[in-house]
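Analysis of the macromolecular model
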Amino acid sequence: MDEAAHTGERVSDEPVKVSEEYEGIPGDIARGRELARRFLARVRSVQGARVSDRVVEVVQLVVSELLTNACKYAPGPSVIDLELAGDRVEVTVWDSEPVLPVPEATDPARIGRHGLEIVMAVCQSFEVQREPVGKRMRAAVMLDDDLNGTTALAHPA
């Protein structure tokens with residue numbers, strides 16, 4: 001690894017963004033998590049950014065929860081965008097369902113339907129916007145969130 005990657009200095013000012021379309025089937029969720037992992041590896045190698053284990057896990061969790069909602073509640077395809085935006089990763093999921101999700105009141109006895117609560121709890125920001133066809137959900141995860149001093153991408157599993 002080069003010195004810039006160790007210090008967190010940017011190696012490149014090249015924009016880092018990836019988009020993928022999914023069919024709306026359960027396998028999309030695992031594919032989305034893998035896309036997030038590859039994207040974060042690229043953020044690390046191209047930008048020289050430190051990417052902690054926690055950030056990798058949180059971004060994959062957010063992708064998983066948002067794609068799960070798209071698969072369950074929106075007919076047809078969905079699109080995911082992952083983008084490095086300064087000091088954060090923006091996760092955007094577009095789907096065909098125009099109904100905006102609303103977080104439910106906390107209920108420890110409720111089984112399931114906690115995805116939106118989870119996303120809102122682990123992200124710096126979350127927004128939902130109705131689009132001409134469906135909706136767009138965007139969540140931001142801060143890159144500077146290294147609680148344990150390790151990087152998952154330094155030692156791939």
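Above this text sits the structure in question.
To keep things clear, this report deals only with the structure shown in the data block. (Residues numbered from 1 in each chain as written. Predicted model: local features only at pLDDT ≥ 70, side-chain atom pairs only at ≥ 80, totals over all residues. Heavy atoms only, no water.)

**As for helix α2 (residues 27–47)**
- Over its 21 residues, α2 runs 30 Å from end to end, which matches the ideal 30 Å to within 8%, given 1.5 Å per residue.
- Among all positions in α2, only D28, I29, G32, L35, A36, F39, L40, V43, R44, V46 and Q47 are buried.
- Buried residues in α2 make contact with β1 (17–22), α3 (53–73), β2 (78–85) and β3 (88–95).
- Downstream of α2 by a residue or two, G48 has a phi angle that is positive, lying close to 70°. (Helix = DSSP H or I, 4+ residues; strand = E, 2+ residues; numbered from the N terminus. Expected span 1.5 Å × (residues − 1). Buried < 20%, exposed > 50% of the residue type's maximum accessible area, 1.4 Å probe, protein only. Contact = heavy atoms within 4.5 Å.)

**Some details on the packing of α2 against α3**
- It is at 8 Å that the axes of α2 and α3 come closest, and there the two elements cross at 150°. By the angle between their axes, α2 is roughly antiparallel relative to α3. Between α2 and α3 lies a crossing whose hand is right-handed. Taking contact as the criterion, the partners of D28, I29, G32, R33, A36, R37 and L40 in α2 are, on α3, V55, V56, V59, Q60, V63, S64, L67, T68 and C71.
- For the contact of α2 with α3, the residue count by class is nine nonpolar, four polar and three charged. (Axes fitted to C-alpha atoms, helices over the stretch in contact; angles between N-to-C directions. Parallel < 35°, antiparallel > 145°, perpendicular 65-115°, else oblique. Left-handed = near helix turned anticlockwise from the far one by under 90°. Nonpolar A, V, L, I, M, F, W, Y, C, P; charged D, E, K, R; others polar.)

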